[in-house]
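An overview of the molecular structure
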Amino acid sequence: MNLPGLQALEQIYGETERPLARFQSLAENYQKNFGSEEMEFFTAPGRTEIVGNHTDHNGGKILAGSISLDTIGAAAPNGTDVITIVSEGYRDKIIVDLTKLDRVPKNKGSFSLVAGMAMAAREMGFAVAGFNAYVSTEVIAAAGVSSSASFEMLVCTIMNYFFNDGRMRYIDYARIGQYAENHFWDKASGLMDQMACAVGGTILLDFSKIATASPEEVAALDDAEICKQVDFSFSQLGYDLVIVNTGKGHADLSDEYSSVPLEMKEAAQAVGAHLLCETDEETFLGSLSAVSNDRAALRALHFFEENKRVDAAYQASLDRDEKALLRAIDESGRSSWEWLQNCYSIRNFKEQKVTLTLALTRLFLSRTGKGVCRVHGGGFAGVIACVLPQAETADYVEYIAQYVGKENVYPMNIRTFGAGHILREA
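Below, the structure is looked at part by part. (Residues numbered from 1 in each chain as written. Predicted model: local features only at pLDDT ≥ 70, side-chain atom pairs only at ≥ 80, totals over all residues. Heavy atoms only, no water.)

**Re the packing of aromatic side chains**
Stated precisely, the cut-off is as follows: In this scheme Phe, Tyr and Trp rings, the latter by its six-membered ring, pair at centre separations within 6.5 Å, and the angle between planes marks the pair as stacked below 30 degrees, edge-to-face above 60, and tilted otherwise. When a residue's accessible area, from a 1.4 Å probe over protein chains only, is under 20% of the maximum for its type it is buried; when over 50% it is exposed; and in between it is partly exposed.
Within the structure shown, the criterion is met by 16 aromatic pairs. Here the aromatic rings of Y179 and F184 are separated by 6.4 Å at their centres, their planes lie at 45°, and the arrangement is tilted. Note on Y179: relative accessible area 22%, which makes it partly exposed. Ring geometry for F232 versus F234: centroids 5.4 Å apart, planes at 80°, classification edge-to-face. Overall, F232 belongs to the buried group, its relative accessible area being 4%. Under the relative-accessibility criterion, F234 is labelled buried at 5%. One aromatic cluster is present, formed by F42, F131, Y161, F162 and F163 through successive ring pairs.

See the structure below:
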């Protein structure tokens, strides 16, 4: 069987030995499950949110990047109307009959998600047909680095490559994933996770145009009107990104997660707008008495200030201004903790894995005076991010591993390759 080419693996992963072994295993497992050596290979990374916590769903800005943890798949069309996916580590196959999408129940895990994506793709005018896939992932599940979006973007890439001749834009990928989460998982997610996993590298996202656009206007938008690629990685500043899994996933906290966009919209509507991007901070403060929900008001203020921080972080990344970038990340993390209030669940306030791990990390960083940390992703549980000098990374990993376990500490990089098909050896 032909495996991904070494040049392609070097470009994506910066090495060849370890990824080649992963794809060798992937190909062997595909053959065992589907009885064929004919397959193509795909990848989709997880993502890191640098600055811009919970802004996308209200038409805000985000500085984000794809990470070196990814989901990979071997796949091929099967000539039927059935999608069959075997996902490593999961007992049951995902089997979706494309002729019965209207009968698929909601909230049944990846089965519902794949069906929702197929339905969305068709409604947007794209072709969807049956395929077989074997999938493996290193993206931490239910922990804020977008394991679900990584999987979604992998499926989109497969559909685009086999059935749509590469016509699908990144924004199409993102809307397909968002539709599936909104309508088949009852999760009020925005588009940031999907865009950051799909595009690759560091990107500046501005969702103000798409948030208020009609479906016809969205269809006419170009990726460049929403997303701007940035030549930046933390390694350029001599820093590392370390993701720490605090020990509890956020899979069972969808209601808390969804409360953030809903309360931001509540605050916007109280001052005469639909979304916060349709008003501004000065106008909002002038009508603050109209907002009866104090937490919604705080979350709205976080939104306005966070957009400013994204602009500052973007400029700092262009200027390679270490201090300004770290300041923006630090202020964003503190605002998420204090104003957005997504570092622990109020349903179980005695369990505060995220806030405790942040506190322990800040104790470490205070010794060196360099580096910052913040809640990462949707929040309430899951992971934190620590950005610190490369010379301190090993000591921090050893330190924080005492409290969370070394298997839950992930030093990583921003990778430039997003979701895509991987060329095979000739």
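**Here we look at unusual backbone geometry**
Let me state the cut-off plainly: Secondary structure is summarised from DSSP: a helix means a run of H or I of at least four residues, a strand means a run of E of at least two, and numbering begins at the N terminus for each.
The backbone of H54 sits at a positive phi, close to 55°, despite the residue not being glycine. Mapped onto the elements, H54 comes out in the loop between β1 (40-51) and β2 (61-77). Residue H54 is classed as buried on the basis of its relative accessible area of 5%. Although it is not a glycine, Q341 adopts a positive phi angle of roughly 60°.

**A short note on helix α1 (residues 6-13)**
As a reminder of what qualifies: In this description, one arc is meant: the one made by directions from the helix axis to the C-beta atoms. Note on definitions: a residue-residue contact is assigned when non-hydrogen atoms from the two residues lie within 4.5 Å.
Those residues of α1 that fall on the buried side of the exposure criterion are A8, L9, I12 and Y13. Projected down its long axis, α1 shows its buried positions confined to an angular sector of 105°, all on one face. Exposed positions of α1 whose direction lies more than 90 degrees from the buried face are Q7 and Q11. Buried residues in α1 make contact with α2 (17-34), β1, β2 and β12 (420-422). Downstream of α1 by a residue or two, G14 has a phi angle that is positive, lying close to 75°.

**Regarding the side chain of H376**
Spelled out, the test is: Here a polar contact is recorded for every N or O atom pair within 3.5 Å, except that within protein the pair must consist of a potential hydrogen donor and a potential acceptor, and residues adjacent in sequence are included only if both atoms are side-chain atoms.
Its location among the elements puts H376 in the loop between β9 (372-375) and β10 (383-389). Within polar-contact distance, the side chain of H376 engages the side chain of T48 at 3.0 Å. Within the local environment of H376, its side chain forms a polar contact with the backbone nitrogen of E49, the two atoms lying 3.2 Å apart.

**What about the packing of helix α4 (residues 147-163) against helix α5 (residues 170-184)?**
Here is the rule: Geometry is summarised by axes, namely lines fitted to C-alpha atoms with helices restricted to the contacting stretch, and by angles between N-to-C directions that run from 0 to 180 degrees. Roughly parallel covers angles under 35 degrees, roughly antiparallel covers those over 145, roughly perpendicular covers 65 to 115, and oblique covers all other angles. Helix crossings are classified by the rotation of the near helix relative to the far one: an anticlockwise turn of less than a right angle makes the crossing left-handed, while a clockwise turn makes it right-handed. Classification convention: Asp, Glu, Lys, Arg as charged; Ala, Val, Leu, Ile, Met, Phe, Trp, Tyr, Cys, Pro as nonpolar; all other residues, Gly among them, as polar.
The geometry of α4 relative to α5 is characterised by a closest axis approach of 9 Å and an angle of 125° between their N-to-C directions. One element, α4, and the other, α5, form an angle in the oblique class. Viewed along their axes, α4 and α5 form a crossing whose handedness is right-handed. Contacts between α4 and α5 involve S148, A149, E152, M153, C156, T157 and N160 on the former and, on the latter, Y173, A174, I176, G177 and E181. Of the residues belonging to the contact of α4 with α5, the class tally is 6 nonpolar, 4 polar and 2 charged.

**What to know about helix α9 (residues 254-270)**
Operational definition: For a helix, the expected span equals 1.5 Å multiplied by the number of residues minus one. Two axes enter the definition of the bend at a residue: one is fitted to the seven residues ending there, the other to the seven starting there, and the bend is the angle between them.
Compared with the 24 Å implied by 1.5 Å per residue over 17 residues, the 24 Å span of α9 between its first and last C-alpha is a close match. For α9, the principal kink sits at V260 and spans about 25°; a proline, P261, occurs within the next four residues. Among the residues of α9, E256, Y257, S258, S259, V260, P261, E263, M264, A267 and A268 are the ones counted as buried. Close packing links the buried residues of α9 with α6 (192-199), α10 (281-286), α11 (294-319) and α12 (322-340).

**Things to note about the environment of A75**
Within the secondary structure, A75 is located in strand β2. Considering only alpha carbons, one finds A75 and F131, 56 residues apart in sequence, at a separation of 6.9 Å. Beyond its immediate stretch of four places on either side in the chain, A75 contacts Y30, M39, E40, F42, N132, A133, I158 and F162.

**A few points about the pairing of strand β6 (residues 202-206)**
Inclusion rule: By the convention used here, strands pair only if DSSP detects at least 2 bridges between them.
In terms of burial, β6 is largely enclosed, as 4 of its 5 residues are buried. As judged from the 5 bridges shared by β2 and β6, these two strands associate in the antiparallel manner. In the sheet register, L63 faces β6, and the bridge partner there is L204. Bridge analysis of β6 against strand β7 (residues 227-230) gives 4 bridges, and the strand direction is antiparallel. Pairing of T202 across the sheet is with V230, part of β7.

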